[in-house]
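So the chains spell out like this:
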Amino acid sequence: MINKSETEQKVAEFLLQIKAIKLQPKNPFTWASGWKSPIYCDNRVTLSYPSIRTYIRQNLTALIQEEYGSVGLVAGVATAGIPQGALVAQDLGLPFAYVRSKAKEHGTGNLIEGEIFQGQRVVVIEDLISTGKSSLQAVEALRAAGCDVAGLVAIFSYGFVAAQENFKAAKCRFSTLCNYNALIDYASEHHFVSSDDLDLLRKWRENPSAWGNTIENPTV
């Protein structure tokens, strides 16, 4: 059985150590949405570290088995969910497919790459959940193709209320190895950030869309 707290802390440690997650509350990043953010997450960096890659693969596999039981297919969300999904599928001895962000504009015009079957029970793999919209587009594509989506697992979630509401509306369960609150708690306890930084990080989580307006002269 997965020790949730222990796993959250270990994943937080790894992501911070290798700078897959960067925390810059006083020098925020700008997301594609235009939001100012004190955090930048690129979990693809974990693939370059074999021991960390193995830990994440093993725990995603254990999480699937514990939360969703028996499944017949692992499906990755393009693009960052593809390598994680392929690793997990190998671990489980299952077929693998992936869902494009949009259908190919040539050839067969596939949206889903790989062989799938009507009624097949599928678990979806994502690396990161923000609002959940792109993840749920993949879920809906699989459902439209006749698959039974058991749920979705990811490495990390920002913990936005919008994501919880979007997944609930889509009637799709999701689980993650780590989340924003666990990460900033670990970052504070192990001196990755100062107490002032921690206050800014917590305020961002409370109102991420407006947080940038409260930072004096943010630079990116």
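Bear in mind that the values here come from a model prediction, so they are computed numbers and not experimental data. (Residues numbered from 1 in each chain as written. Predicted model: local features only at pLDDT ≥ 70, side-chain atom pairs only at ≥ 80, totals over all residues. Heavy atoms only, no water.)

Attention shifts here to the sheet that holds strand S9 (residues 148-157). A sheet is described by the order of its strands in space; here six strands give the open sequence S7-S6-S5-S8-S9-S10, paired in mixed fashion. Two strands bound the open sheet, and with one partner strand each, they are strand S7 (112-113) and strand S10 (174-179). Relative to strand S8 (residues 121-129), strand S5 (residues 73-77) runs parallel, the two being bridged by four bridges. Looking at the pairing, Leu73 lines up with Val122 of S8. Against the sheet, helix H3 (residues 81-92) engages S5, strand S6 (96-99), S8 and S9, with an angle of about 165° to S5. (Pairing = 2+ DSSP bridges. Helix = DSSP H or I, 4+ residues; strand = E, 2+ residues; numbered from the N terminus. Contact = heavy atoms within 4.5 Å. Axes fitted to C-alpha atoms, helices over the stretch in contact; angles between N-to-C directions.)

Moving on, we come to the packing of helix H1 (residues 4-17) against helix H2 (residues 50-68). Relative to each other, H1 and H2 sit at 150°, their axes nearing to 11 Å. Regarding the angle of H1 to H2, the classification is roughly antiparallel. As H1 runs across H2, the sense of the crossing is left-handed. Across from Glu6, Thr7, Lys10, Val11 and Phe14 in H1, the residues of H2 making contact are Ile52, Tyr55 and Asn59. Of the residues assigned to the contact of H1 with H2, the class counts are four nonpolar, two polar and two charged. (Parallel < 35°, antiparallel > 145°, perpendicular 65-115°, else oblique. Left-handed = near helix turned anticlockwise from the far one by under 90°. Nonpolar A, V, L, I, M, F, W, Y, C, P; charged D, E, K, R; others polar.)

Evaluated as defined, the whole model comprises 10 salt bridges. For the salt bridge of Glu8 with Lys4, the shortest nitrogen-to-oxygen distance reads 3.5 Å. Remark: Lys4 and Glu8 occur in helix H1; sequence separation between them is four residues, near one turn of the helix. Between Asp199 and Lys203 there is a salt bridge whose closest N-O contact spans 3.3 Å. Of the two residues, Asp199 and Lys203 are both situated in helix H7 (residues 195-206); the distance of four residues between them amounts to about one turn of the helix. (Salt bridge = Lys/Arg side-chain N within 4 Å of Asp/Glu carboxyl O.)

Below, the discussion takes up the layout of surface pockets. Approximately 750 Å³ is the volume found for the largest pocket. As for the largest pocket, its lining consists of 27 residues, of which Asp127, Leu128, Ser130, Ser134 and Tyr158 are closest to the centre. Broken down by secondary-structure element, the contributors of at least two residues to the lining of the largest pocket are strand S4 (39-41), S8 and helix H4 (133-144). Examining the composition of the lining of the largest pocket, we find that four residues originate from one element, S8, more than from any other. Counted by class, the lining of the largest pocket contains 13 nonpolar, nine polar and five charged residues. If you add up the space inside the second largest pocket, you get close to 170 Å³. Forming the boundary of the second largest pocket are Ser157, Tyr158, Gly159, Phe160, Ala163, Gln164, Phe174, Thr176, Asn179, Tyr180, Asn181 and Arg205. No other element matches the three residues that S10 contributes to the lining of the second largest pocket. Considering only residue class, the lining of the second largest pocket consists of five nonpolar, six polar and one charged. (1 Å grid on protein atoms, 1.4 Å probe; cavity = no way out; pocket = protein on both sides within 12 Å on 5 of 7 lines; lining within 4 Å. Points joined across faces, edges and corners; volume = space filled by probe spheres on them.)

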